[in-house]
Amino acid sequence: MRSLSQAKELLTRLYGVEFPDSLFHLYEFLAGLSAQEWQDYSLALGIEPIGPLQLLFLPEVELQSLKPTVPMVLHGRFYADVPEFFSCLKGDQDWLHWGLLLDEPVKGFRGAASYFSNDLQAMRVYPSLFDAVLGRIEEKTTSWEPDDAAEKADQRAQQVTIRRFAEKLHGFIAARRIHLDDRRGKGFPSDTGLDLLVPEKGEGWFSTILHSFSRWPRSDWSVFPPTGHPHAVHFGEMKEASEIEKLVRGAIAASEKGRALPALSLGRSLWYWKDRTGMANSCHDFARVGFDLLKRAYTLLDRPTLQRVLDVHFEHRDRDCVDLLRS
């Protein structure tokens with residue numbers, strides 16, 4: 001197992017960003033398990049390391065032999081990942097994956113999120129990476145049992161395995177005094193599920209921007225038509241192209257006046273939802289529009305790290321999921 005300093009130096013060299021201690025704590029915990037333990041836990045929970053977490057387990061000789069043809073920041077990235085999202089865990093269905101969040105690079109990584117790339121759900125945000133793993137344990141913990149005797153035995157064995165993993169993880173968290181809240185804070189709402197963190201705060205400031213940008217109520221700022229339901233983001237249909245184009249023109253006009261939030265919000269939404277299978281009115285061209293809006297927003301917000309990730313991702317935007325270890 002690599003030391004903390006070695007692990008940090010490795011990822012900083014490969015990615016050009018400083019990852020949070022939570023990632024290295026999770027690496028330490030997983031590396032402390034036997035191969036058989038992790039195989040059992042991984043199967044029961046339906047998770048496996050990808051991206052930077054996966055690289056930490058790679059022996060030095062294999063790292064030295066890597067000859068990636070694209071920047072390493074792409075490793076573990078999925079098609080719809082926004083630049084702020086750094087994948088580190090993968091699930092067992094519909095390309096479910098979890099990632100660390102780097103909304104404001106000067107403040108470092110804060111919080112985590114997950115979503116299904118092969119589904120039409122918005123992102124789910126967690127206070128921290130460890131909170132996300134604990135959430136997965138909760139999701140996989142159940143008292144339900146199938147009727148078939150063999151299946152029931154397998155189910156019971158799986159639940160025992162999950163409980164053992166949970167006990168070990170809780171013990172590790174307590175021993176290391178790991179905080180389960182990165183104090184990410186709460187930003188402005190977004191139809192991606194990932195709130196928008198900008199330096200300015202306050203509903204008054206937000207309302208002022210929206211008023212000068214558009215006279216529509218806040219509910220119409222989304223790329224989706226109003227659902228009329230407080231918890232439904234969309235009903236599988238984006239706004240018509242003419243409405244999206246009007247929003248884009250307004251966001252560009254606002255950015256030219258020094259206002260980053262409209263471009264950040266709309267750019268992220270178009271990048272995330274673009275041409276999702278099963279989403280009506282989505283379009284492959286939204287990737288380029290989202291790219292332009294995000295570039296404007298990151299420039300205004302002075303976030304060159306996210307500009308760099310965005311440039312790399314856009315250049316290779318047709319890749320569904322990048323695994324540089326297999327390629």
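Let me sum up the structure you'll find in this document. Being a predicted model, the structure only gives us computed values, none of them experimental.

**Points about the overall build of the protein**
For the protein, the helix and strand inventory stands at twelve helices and five strands. Relative to the globule expectation of 20 Å for 327 residues, the C-alpha radius of gyration of the protein, 21 Å, shows essentially globular dimensions. With respect to the three principal axes, the spread of C-alpha positions in the protein is 60 × 50 × 35 Å. Buried residues in the protein amount to 49% of all 327 residues. Sequence separation of at least 24 residues holds for 64% of the intrachain contacts in the protein that already meet a minimum separation of 6. A total of about 15,900 Å² of accessible surface is found on the protein, and carbon and sulfur atoms cover 50% of it. Averaging the coordinates of the 40 positive side-chain charges in the protein and doing the same for the 46 negative ones gives two points 5 Å apart.

**Looking at the sheet that holds strand β3 (residues 96-101)**
Hydrogen bonds between backbone atoms are what pair the strands of a sheet, whose relative direction is either parallel or antiparallel. Pairing within the open sheet is antiparallel, and its five strands lie in the order β1-β2-β3-β4-β5. The two strands at the open ends of the sheet, each matched to only one other strand, are β1 (48-49) and β5 (124-126). Pairing of β3 with strand β4 (residues 112-116) involves five bridges; the strand directions are antiparallel. Bridging from a neighbouring strand, L100 pairs with A112 of β4.

**Let's talk about helix α7 (residues 149-176)**
A rise of 1.5 Å per residue sets the reference length of α7, with its 28 residues, at 40 Å; its end C-alpha atoms lie 41 Å apart and thus fit the reference within 8%. Residues Q155, Q159, T161, I162, F165, A166, L169, F172 and I173 constitute the buried set of α7. Lining the buried residues of α7 we find α2 (21-31), α3 (35-45) and α6 (129-140). Structurally, the start of α7 carries an N-cap: the backbone nitrogen of A150 is 3.1 Å from a side-chain oxygen of D148. Positive backbone phi, at 50°, marks R177, one or two positions downstream of α7.

Each value, and the rule that gives it
- Residues numbered from 1 in each chain as written.
- Predicted model: local features only at pLDDT ≥ 70, side-chain atom pairs only at ≥ 80, totals over all residues.
- Heavy atoms only, no water.
- Helix = DSSP H or I, 4+ residues; strand = E, 2+ residues; numbered from the N terminus.
- Rg over C-alpha atoms; globule rule 2.2 N^0.38 Å.
- Buried < 20%, exposed > 50% of the residue type's maximum accessible area, 1.4 Å probe, protein only.
- Contact = heavy atoms within 4.5 Å.
- Areas by Shrake-Rupley, 256 points an atom, 1.4 Å probe, with all protein chains shown as cover.
- Lys, Arg positive; Asp, Glu negative; His and termini not counted.
- Charge placed at Lys NZ, Arg CZ, Asp CG, Glu CD.
- Pairing = 2+ DSSP bridges.
- Expected span 1.5 Å × (residues − 1).
- Polar contact = N/O pair within 3.5 Å; in protein donor to acceptor, adjacent residues only side chain to side chain.

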